[in-house]
Amino acid sequence: MNDNLKTMLEGARRSSRMLNRMTDADINRVLLKAADAAVAATDSILAANAADLARMSKEDPKYDRLMLTADRIASIANDMRSVAALPSPLGVTLREWTQPNGMKIRKVSVPFGVIGIIYEARPNVTFDVFSLCLKSGSACVLKGGSDADSSNRTIVEVLRGVLLSEGIDEACVTLLPPDHATTQEMLGAVGYVDLVIPRGSSRLINFVRDNARIPVIETGAGVCHCYIHSSADILKAQAIVTNAKTRRVSVCNALDSLVIDESRLADLPIIVENMAAKKVEIRADERAFAALDGKYPYLSQADDSDWGREYIDYRMSIRTVASLADAIDHISRFTSHHSESIVAEDEAVCDTFTREIDAACVYTNLPTSFTDGGQFGFGAEIGISTQKLHARGPMGLPEITTYKYIISGNGQTRNP
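The following refers to the structure shown. Computed from a prediction, not measured in an experiment: that's the story for all the values here. (Residues numbered from 1 in each chain as written. Predicted model: local features only at pLDDT ≥ 70, side-chain atom pairs only at ≥ 80, totals over all residues. Heavy atoms only, no water.)

### Some remarks on the nonpolar core
Keep this limit in mind: Among the buried residues, those of types Ala, Val, Leu, Ile, Met, Phe, Trp, Tyr and Cys that are joined through side-chain atoms within 4.5 Å form a nonpolar core. For every residue, the accessible area (1.4 Å probe, protein chains only) is compared with the maximum for its type, and the residue is labelled buried under 20%, exposed over 50%, or partly exposed between those bounds. Throughout, a contact is declared for two residues whenever any of their heavy atoms are within 4.5 Å.
Counting residues in hydrophobic clusters, the biggest one holds 67 residues, and the most contacted among them are Ile117, Phe130, Leu142 and Ile382. If sequence neighbours within four positions are ignored, isoleucine 382 has contacts with Ile117, Val129, Leu132, Cys133, Ile197, Arg199, Met395 and Ile400. Ile240, Leu268, Ala288 and Ala291 belong to the second largest nonpolar core, which has 27 residues in total.

Listed below in structure tokens is the structure:
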């Protein structure tokens, strides 16, 4: 580890101990002040963001993720205020009991310490991670991508200015250099970083999982399906599919694949018709292609590479199935365990789908676009976990704490 990085990580570790001395009222005051500072710094943040955007093609699917606007900054500030209003996740007694010898044991929620985040062209993540980590008592070490480096540095300057004004060690939000060598060193920072969370493409997540020597929570990669059952209401299906696909194509909860029961192929032109206005390209299997041929303008035939593919673009695949069992088999084969949805009026079918589909979030008669910490009432999120250990789904405050046991007694000693 080079000396500069070691100094930065030592500072983050030092600041994490200082955070243990802050009260929830102190933390909330800082978060509210940071929200106001973000809005006040809108012009400088947007100027830095414009410099980042100028280096990226508008045709790049990541462009929308990278872009900040005054409205988006105002929304981010409101998310920070929402986090401040949430109950503290720290010091919560999760379980307590007394042993026969009178020894009292409490399981209590505590901070992780130092949480590292590796993310790509998402400068809003800088705000989200700062607010959630501060509220949960942890320092954050941020490793953003070069695409958003100007934006991230300006945002961190704003946040550190607030911390300094409150007499708080600014190292509790530390932005590392954006180069790949730093990523590799961070992943080996045993004793400095307690947990690393990657947010971005499946390539990034796989790299972190395969190279980290510190604990990892996998997040982000979303191959999302929506199954239209034979009992589906056609207008619900149309609204759900359109919203899931076109609300924001660059986010991980966007719909990638429509799975449709063969009995509803005649309804397929109606289900997808509103997506033509957004020029969504549909990659359809043979039967779905025949149902849409001449009725949908942006149509092509799917091949094997379209199944299990996260498009992050105005593209969607369609797969025809013969039954609920076939739909579950297809989704189970190609899912990334992020978010899956069914549109059906048959409650028994919905129950079977939710029981058998293995994903962090499983929806009935709703779009996958709701997979979001804010939509779940978490204030904000640090990511969508697609694994099963420790945390799963949108990760809010409780998911970025750990716990310890506090044991008290009155001089008892252990017998052989």
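Next comes the rest of the account.
### Some details on unusual backbone geometry
Which entries qualify depends on this criterion: By the criteria applied, helices consist of DSSP H or I runs no shorter than four residues and strands consist of E runs no shorter than two, each listed in order from the N terminus.
The backbone phi angle of lysine 279 is positive, close to 60°, even though this residue is not glycine. With phi around 50°, isoleucine 312 is a residue other than glycine that occupies positive phi space. Mapped onto the elements, isoleucine 312 comes out in the loop between β10 (299-301) and β11 (315-321).

### Side note on the packing of aromatic side chains
Two aromatic rings, taken as a pair, are described by how far apart their centres are and by the angle between their planes. Put simply, the test is: Any pair of Phe, Tyr and Trp rings, taking the six-membered ring for Trp, is counted once the centres come within 6.5 Å. Such a pair is stacked with planes under 30 degrees apart, edge-to-face with planes over 60 apart, and tilted for the rest. Criterion for a charge above a ring: Lys NZ or Arg CZ within 6 Å of the ring centre, and within 35 degrees of the ring normal.
Under the counting rule described, the total for this entry stands at five aromatic pairs. With a centroid separation of 6.2 Å and an interplanar angle of 80°, the aromatic rings of tyrosine 296 and tyrosine 298 are classed as edge-to-face. Here the aromatic cluster, defined as three or more aromatic residues joined through ring pairs, consists of Trp97, Tyr403 and Tyr405. Across from the ring centre of tryptophan 97, 4.1 Å away, lies the NZ or CZ of arginine 95, which sits over that ring. In this arrangement the basic side chain of lysine 107 is found over the ring face of tyrosine 403, its NZ or CZ atom lying 4.2 Å from the centre.

### Digging into the environment of aspartate 179
Quick note on the threshold: Whenever a nitrogen or oxygen atom comes within 3.5 Å of another N or O atom, the pair is scored as a polar contact, on the condition that within protein one atom can donate a hydrogen and the other can accept it, and that pairs from neighbouring residues in sequence are kept only if both atoms are in side chains.
Mapped onto the elements of the fold, aspartate 179 is located in the loop between β5 (173-175) and α8 (180-187). Residue aspartate 179 is classed as partly exposed on the basis of its relative accessible area, which comes to 34%. The sequence separation of aspartate 179 and serine 146 amounts to 33 residues, and the corresponding C-alpha distance is 7.1 Å. Polar contacts involving the side chain of aspartate 179 include one to the main-chain amide nitrogen of alanine 181, which spans 3.3 Å. A polar contact is formed between the side chain of aspartate 179 and the backbone nitrogen of threonine 182, at a distance of 2.9 Å.

### Quick look at the sheet that holds strand β1 (residues 93-98)
Heads up, the condition is: Strand pairing is defined by DSSP finding a minimum of two bridges between the two strands. Throughout, an axis means a line fitted to C-alpha atoms (over the contacting stretch in the case of helices), and angles, computed between N-to-C directions, take values from 0 to 180 degrees.
Spatially, three strands are ordered β1-β2-β16 in an open sheet, and the strand pairing comes out antiparallel. The sheet is open, and its two borders are formed by β1 and β16 (401-408), each paired with just one other strand. When strand polarity is set aside, the average angle formed by the axes of neighbouring strands in this sheet is 20°. Where β1 meets strand β2 (residues 104-111), five bridges bridge the pair, whose relative direction is antiparallel. Within the sheet, the bridge partner assigned to arginine 95 lies in β2 and is lysine 107.

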